[in-house]
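One-letter residues, chain by chain:
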Amino acid sequence: MKQFLDDHFLLLNPTAEALYQNYAKAMPIFDFHCHLNPAEIAGNKKYRNITEIWLGGDHYKWRAMRACGVEERYITGDAPDKEKFFKWAETIPQCIGNPLYHWAHQELKSFFGIDLLLSPATAEQIWNTANELLQTDEFTARSLIVRSNVTALCTTDDPADSLEHHLQIAREGTFPVKVLPAFRPDKSFNIDKAGFVEYIGKLGQAAGLKIQSLDHLLSALQQRLEFFHQVGCRVSDHALDPVVFADATADEVDAILRKALDGKATDESENQKFKTFILLFLGRQYARLGWVMQLHVGVIRNSRSRMLQELGPDTGFDAIADYTYGVALARFLDALDSSSELPKTVLYCLNPRDNEMLASLAGCFQEGGVVGKIQFGSGWWYNDQKDGMIRQMTALANVGLLSRFIGMLTDSRSFLSYTRHDYFRRILCNMIGEWVEAGEAPNDLDLLGKMVQDICYENARRYFGVELSGS
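A short tour of the structure in this document, coming up. Keep in mind the model is a prediction, meaning the values are calculated, not measured.

## As for the overall build of the protein
Inference 1: Looking only at helices and strands, the protein has 20 helices and nine strands in total.
Inference 2: At 23 Å, the protein has a C-alpha radius of gyration in line with the 23 Å of a compact globule built from 471 residues.
Inference 3: When the backbone C-alpha atoms are referred to their principal axes, the protein occupies close to 70 × 55 × 45 Å.
Inference 4: Buried positions account for 55% of the 471 residues belonging to the protein.
Inference 5: In the protein, the share of contacts with a sequence separation of at least 24, taken over all contacts with a separation of at least 6, comes to 77%.
Inference 6: Carbon and sulfur atoms provide 48% of the accessible area of the protein, an area that totals close to 19800 Å².
Inference 7: Here the protein holds 48 positive side-chain charges and 61 negative ones, and the gap between their average locations is 2 Å.

In C-alpha cells, the structure reads:
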C-alpha cells in the first residue's frame, strides 16, 4: 500500500519516477495564464492569515463548501477569518476523490511543511502554524513566486487598465520574475452584455478619445494594444461563450455599434456580426504584433441569477456548456488564415467532449517555420485534474503531437496554486511511463526526458517569445 502524498505520489512505475525525478521536478515554470493580482505582486503583499491567501477568491473551494451545506457567510460573507478556515477544515475530509483534496494537502506540505491531514481535529494546529509562517518574509507574494521557480507570469488585464503595477515592477528592476500583462478585451465586443455602453466610455477614456463610431472603437483598441505591447504584453485572452461567426461589412458593424451606443437593443444576428468583426480585427492585430491569442470556450456563465446579483461574477456559479461551435471556430480561424493573419493560437475547451475536435482543428492550421503554431491547450478549469489532464493529453497525442505541447498553466488567483504544476508533471511522467512499461514507447530516458522537459517548460518559453534572463 502506497502512503498518501509521498515522494512517489501519482508515479506508479519506475520509468515514471525516473522521468519525474531526473527531468521534470526541477524545471522552472512559465505561467502564461493566471489571475494573480498584479497589485499584490507590486506591493509584495504579506497575508494576514491562511484564510486570506487560501480561501479568498477560490471558487473551487467555495463550491465544495456549499455542497457541504456551509452557509454563505462562512464562504464569501462577513464571518471571521478563523471561522471560515474551520468551516473549510470541516469540508476538506468530504473532498476525497476531488482534486481539492490533493491540492490542499500538496500546498500545506510544499509551502508550509505541514504533513497533517486537514480536519476539525487538526484545524487549530494548522491555523497557528501556517499563520506564524505567513508573517515571515518567505511568504510574501513575491517570495512565493520565486520559491515556486517561476521565471515569467502573465496576469489577466482589461484594455482600459493603466498597468501601473506592471510598470512599477519593471521600473524597480529588482524582481527576478517577468510579470507581464495579458490583453483580455471581452467587454469591448460583448455588445449584448449589461454595461457594454458604460465600458465603451471607459475604454475611450483610457485611449484619450470619445468612442462614437466603429472607427473610434478600432482606434481605441489599437492604441491600447500598442500600450500593452510597450509594457511587455505578448498574449491575449478571450472567453467565447459561445463562439460565433457571421460575415459583415464595416458599415453594418458601425450601424450596430451606433445603435447600441444610442441605448437601443441589438438582436442576435447583429450581436454575432459585431463580435465576429471585432474579434477578426483583434486577431489581425495580434498577428501584426507577434502575440499569442488564447481562446477559452465552453462555459455556461452565471447560471444562478440570484447569486450573481448577490455576489457578482466569478464566484462559483459557472458550469460546463454543451453547445456546438466547431464550424464557427473553423470559419474564424480560416478567415484570419486566408489573409495570412492568423496569430499563434491556443484553444481551450471546458467540455471534454470537444477534446478531439479542438485537437484535430488545431492540426488544420499548423504552418511551416512555426513550431506548434496552433496549440490544443491544457485541461482547463473543471478539467485541470488527473482524469481531465490525461484525457486532454491523450487526445492531443492521438490526433496531434504531445511533444510540441506547451503544457500546464496555473489559471488561479492564489499564489499557493503553483503546486498544480507539480501535480501536472507527475501525471505527465506517469502517463509516458505507462507507455514505456507497456512497450508502447521506447525505454529511452534521454529521448523521453527531453520531451518531458519541453512540455514542462521549454516549449512554452520558446512559443511565447518572451526574453528571460539566462535563456
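Read on, since the account is not over.
## Some points on the layout of surface pockets
Inference 1: Reported here for the second largest pocket is a volume of approximately 520 Å³.
Inference 2: Lining of the second largest pocket is provided by 22 residues; of these, Tyr20, Lys25, Ser110, Thr419 and Asp422 occupy positions nearest its centre.
Inference 3: Sorting the residues of the lining of the second largest pocket by element identifies α1 (14-24), α6 (99-112) and α19 (419-437) as the ones contributing at least two each.
Inference 4: Counting residues per element, the lining of the second largest pocket draws most heavily on α19, which supplies five residues.

## Digging into α6
Inference 1: Compared with the 20 Å implied by 1.5 Å per residue over 14 residues, the 19 Å span of α6 between its first and last C-alpha is a close match.
Inference 2: The buried fraction of α6 amounts to 11 of the 14 residues, a majority that puts the element mostly inside the structure.
Inference 3: Of the residues making up α6, those classed as buried are Pro99, Leu100, Tyr101, Trp103, Ala104, His105, Gln106, Glu107, Leu108, Phe111 and Phe112.
Inference 4: Check the buried side of α6 and you find it contacts α3 (50-54), α4 (59-67), α5 (81-91), α7 (123-134), α8 (141-147) and α19.
Inference 5: Gly113 sits one or two positions beyond α6 and adopts a positive phi of about 65°.

## So, unusual backbone geometry
Inference 1: Going from Asp241 to Pro242, the amide bond is cis rather than trans, its omega being -5°.
Inference 2: In this structure, Pro242 sits in the loop between β4 (235-240) and α13 (250-261).
Inference 3: Phi at Ser340 takes a positive value of approximately 60°, unusual for a residue other than glycine.

## Brief notes about the environment of Asp7
Inference 1: If you trace the backbone, Asp7 turns up in the segment before α1.
Inference 2: For Asp7, a relative accessible area of 54% translates into the label exposed.
Inference 3: The contacts of Asp7, once residues within four sequence positions are left out, are Gln21 and Arg426.

## What about the pattern of salt bridges?
Inference 1: Applying the stated rule across the entire model yields 31 salt bridges.
Inference 2: A salt bridge links Asp254 to Arg258, with the shortest nitrogen-to-oxygen separation between them at 2.7 Å. One end of the pair, Asp254, and the other, Arg258, are both in helix α13, four residues apart, so they sit about a helical turn from each other.
Inference 3: Via salt bridges that share partners, Glu40, Lys45, Arg48, Glu52 and Asp81 belong to a single interconnected network.

## Some remarks on the packing of α4 against α6
Inference 1: In the contact formed by α4 and α6, the axes pass within 11 Å of each other and the chain directions differ by 125°. By the angle between their axes, α4 is oblique relative to α6. Handedness of the crossing formed by α4 with α6: left-handed. For the pair α4 and α6, contact is made by Tyr60, Lys61 and Ala64 and by Leu100, Trp103 and Glu107, respectively.
Inference 2: Looking at the contact of α4 with α6 residue by residue, the class counts come to four nonpolar, no polar and two charged.

## Here we look at the sheet that holds strand β1 (residues 29-31)
Remark on secondary structure: sheet strands pair via backbone hydrogen bonds, oriented parallel or antiparallel.
Inference 1: Spatial strand order, β1-β2-β3: three strands in an open sheet with parallel pairing. Bordering the open sheet on either side are β1 and β3 (178-180), each of which pairs with just one other strand. For this sheet, the mean angle separating the axes of adjacent strands, direction not counted, is 10°.
Inference 2: Note that β1 and strand β2 (residues 150-154) share three bridges and pair parallel. Counted as the bridge partner of Phe30 is Ala152 from β2.

## Here we look at the pairing of β2
Inference 1: Summarising burial for β2: five of the five residues are buried, a large majority.
Inference 2: As paired strands, β2 and β3 are joined by three bridges and run parallel to one another. Looking at β3, one finds that Cys154 is bridged to Leu180.

## Some remarks on α5
Inference 1: Inspection of α5 places Asp81, Lys84, Phe85, Trp88, Ala89 and Thr91 among the buried residues, and these make up the whole buried set. All buried residues of α5 lie within an arc of 160° about the axis, which places them on one face of the element.
Inference 2: If you follow the buried residues of α5, they end up packed against α3, α4, α6 and α7.

## Points about the sheet that holds strand β9 (residues 374-376)
Inference 1: Within the open sheet, the four strands sit side by side as β4-β5-β8-β9. Their pairing is parallel. Each having just a single partner strand, β4 and β9 make up the two edges of the open sheet. Sheet twist, expressed as the average angle between the axes of neighbouring strands with direction ignored, equals 20°.
Inference 2: Bridge analysis of strand β5 (residues 292-297) against strand β8 (residues 344-349) gives six bridges, and the strand direction is parallel. Bridge pairing in β8 links Met293 to Thr345.

## A short note on the packing of aromatic side chains
Inference 1: Summed over all chains, the structure comprises 22 aromatic pairs.
Inference 2: The rings of Trp54, Phe85, Phe86, Trp88 and Trp127 are connected pair by pair, giving a single aromatic cluster.
Inference 3: When the ring centre of Tyr74 is taken as reference, the NZ or CZ atom of Lys87 above it lies at 4.9 Å.
Inference 4: One cation-aromatic arrangement involves Arg147 over Phe139; the distance from NZ or CZ to the ring centre is 4.6 Å.

Thresholds, definitions, all that
- Residues numbered from 1 in each chain as written.
- Predicted model: local features only at pLDDT ≥ 70, side-chain atom pairs only at ≥ 80, totals over all residues.
- Heavy atoms only, no water.
- Helix = DSSP H or I, 4+ residues; strand = E, 2+ residues; numbered from the N terminus.
- Rg over C-alpha atoms; globule rule 2.2 N^0.38 Å.
- Buried < 20%, exposed > 50% of the residue type's maximum accessible area, 1.4 Å probe, protein only.
- Contact = heavy atoms within 4.5 Å.
- Areas by Shrake-Rupley, 256 points an atom, 1.4 Å probe, with all protein chains shown as cover.
- Lys, Arg positive; Asp, Glu negative; His and termini not counted.
- Charge placed at Lys NZ, Arg CZ, Asp CG, Glu CD.
- 1 Å grid on protein atoms, 1.4 Å probe; cavity = no way out; pocket = protein on both sides within 12 Å on 5 of 7 lines; lining within 4 Å.
- Points joined across faces, edges and corners; volume = space filled by probe spheres on them.
- Expected span 1.5 Å × (residues − 1).
- Salt bridge = Lys/Arg side-chain N within 4 Å of Asp/Glu carboxyl O.
- Axes fitted to C-alpha atoms, helices over the stretch in contact; angles between N-to-C directions.
- Parallel < 35°, antiparallel > 145°, perpendicular 65-115°, else oblique.
- Left-handed = near helix turned anticlockwise from the far one by under 90°.
- Nonpolar A, V, L, I, M, F, W, Y, C, P; charged D, E, K, R; others polar.
- Pairing = 2+ DSSP bridges.
- Arc of directions from axis to C-beta.
- Phe/Tyr/Trp six-rings, centres within 6.5 Å; stacked < 30°, edge-to-face > 60°.
- Lys NZ or Arg CZ within 6 Å of the ring centre and 35° of its normal.

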